[in-house]
Amino acid sequence: DGGITQSPKYLFRKEGQNVTLSCEQNLNHDAMYWYRQDPGQGLRLIYYSQIVNDFQKGDIAEGYSVSREKKESFPLTVTSAQKNPTAFYLCASSWQFNQPQHFGDGTRLSIL
Amino acid sequence: ELKVEQNPLFLSMQEGKNYTIYCNYSTTSDRLYWYRQDPGKSLESLFVLLSNGAVKQEGRLMASLDTKARLSTLHITAAVHDLSATYFCAVDGSNYKLTFGKGTLLTVNP
């Protein structure tokens, strides 16, 4: 079955630690996205990538980094510079940049 | 900057009743999405509205788009408990990035 796989489902970060959230898709989509969701809030865009080896900052990119070395993979690193990382992180992909987005099941990140 | 406002943010309904969720947005767009999210889960696409006057229906849910008024509505007919969830609208901005509303938490009570 085609879809988007995010791992892990739950992740804990220690102070000063970088952590990486995985996002893999087998839909052959060109575009991929990372969103952050806080309780009672909508989704906010962290980074997006329209094509392999290219990515752009979204609205809240500070403290995060990404890479897009393969079409199917778009990992997100939450760095120690992100002082309030506790949130639900959702990865999405779309056929092209202006097409409907499909979402993964999310990763819930908490601070130890 | 595109702003998207949903109201109400919280909605408690009785089964069998009808209600409407509103989504207003601040700048021109002709592409709007409605998503459903169950607690702790991902977003499920409900409707894609691509032009002024677009109306789509699926079961007890019907969505419409008025691009001149910058308004979309999600109408719930004869609500059932299974519709309890958070509903988001998301608007495609001029740069094709989606801006989401804060969501409407719908609770349908017996």
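Residues numbered from 1 in each chain as written. Chains lettered and ligands numbered in written order. Predicted model: local features only at pLDDT ≥ 70, side-chain atom pairs only at ≥ 80, totals over all residues. Heavy atoms only, no water.

*Asks:* Would you mind going over the pairing of strand β4 (residues 31-37) of chain A in detail, with residue names and values included?
*Replies:* Residue and element names in this part refer to chain A. Most of β4 sits out of view: seven of its seven residues are buried. With burial as the criterion, each face of β4 is covered, one bearing Ala 31, Tyr 33, Tyr 35 and Gln 37 and the other bearing Met 32, Trp 34 and Arg 36. Hairpin connection, β4 to strand β5 (residues 43-51): the antiparallel pair is bridged by five residues, and Gly 40 has positive phi, about 70°. (Buried < 20%, exposed > 50% of the residue type's maximum accessible area, 1.4 Å probe, protein only. Helix = DSSP H or I, 4+ residues; strand = E, 2+ residues; numbered from the N terminus. Pairing = 2+ DSSP bridges.)

*Asks:* Tell me what's going on with the pairing of strand β5 (residues 43-49) of chain B, and back it up with residues and numbers.
*Replies:* The pairing of strand β4 (residues 32-37) of chain B with β5(B) spans six bridges and is antiparallel. What sits directly across from B:Tyr33, in β5(B), is B:Val48.

*Asks:* Quick one: what's the story with the nonpolar core, residue by residue and with numbers?
*Replies:* The nonpolar side chains of a soluble globular protein tend to be buried with one another. All names here are of chain B. Judged by nonpolar contacts, the single largest core of 25 residues is most densely connected at Leu 32, Trp 34, Leu 74, Ile 76, Tyr 87 and Leu 106. If you list the elements that add at least two residues to this core, you get β2 (10-14), β3 (19-25), β4, β5, β7 (61-66), β8 (71-76), β9 (85-92) and β11 (104-109). Looking at this core element by element, the count peaks at four residues for β9. Excluding residues that lie within four positions of it along the chain, Leu 74 makes contacts with Tyr 19, Thr 20, Ile 21, Trp 34, Phe 47, Leu 61, Met 62, Ala 63 and Tyr 87. (Core = buried A, V, L, I, M, F, W, Y, C linked by side-chain atoms within 4.5 Å. Contact = heavy atoms within 4.5 Å.)

*Asks:* How would you summarise the state of the cysteines if you had to cite specific residues and measurements?
*Replies:* In a disulfide, the sulfur atoms of two cysteines are covalently bonded to one another. Enumeration over the complete set of coordinates arrives at two disulfides over all chains. Covalently, A:Cys23 is tied to A:Cys91 through a disulfide, its sulfur atoms 1.9 Å apart. Between A:Cys23 and A:Cys91, the S-S torsion sits near -75°, and that sign places the bridge as left-handed. Residue A:Cys23 is located in strand β3 (residues 19-25), and its partner A:Cys91 is located in strand β9 (residues 87-94); the two are separated by 68 residues in the primary sequence. Exposure class is identical for A:Cys23 and A:Cys91. Each is buried. Shown here is the disulfide that connects B:Cys23 with B:Cys89, its sulfur atoms set 2.1 Å apart. Negative torsions about the S-S bond denote left-handed disulfides, and the value of about 80° found for B:Cys23 with B:Cys89 makes this one right-handed. Of this pair, B:Cys23 sits in strand β3 while B:Cys89 sits in strand β9, and the two are 66 residues apart along the sequence. (Disulfide = S-S within 2.5 Å.)

*Asks:* Break down the interface of chain A and chain B for me, citing the residues and quoting the values.
*Replies:* Interfaces are often described in size by the accessible area the parts lose on coming together. Listed per partner, the contact involves 21 residues of chain A and 18 residues of chain B. Around 1500 Å² of area is buried between chain A and chain B when both sides are counted, 54% of it from carbon and sulfur atoms. Our count for the chain A to chain B interface comes out at one salt bridge. The partner of B:Lys97 in a salt bridge is A:Asp59, and the shortest N-O contact between them spans 3.8 Å. Put simply, chain A and chain B have three residue pairs in polar contact (both at pLDDT 80 or more) between them. Those elements giving two or more residues to the side of chain A that touches chain B turn out to be β4, β5 and β9 of chain A. Of all the elements, β5(A) adds the most residues to the side of chain A that touches chain B, at three residues. In terms of residue class, the side of chain A that touches chain B is made up of nine nonpolar, eight polar and four charged. (Buried area = accessible area lost by both parts, 1.4 Å probe. Salt bridge = Lys/Arg side-chain N within 4 Å of Asp/Glu carboxyl O. Polar contact = N/O pair within 3.5 Å; in protein donor to acceptor, adjacent residues only side chain to side chain. Nonpolar A, V, L, I, M, F, W, Y, C, P; charged D, E, K, R; others polar.)

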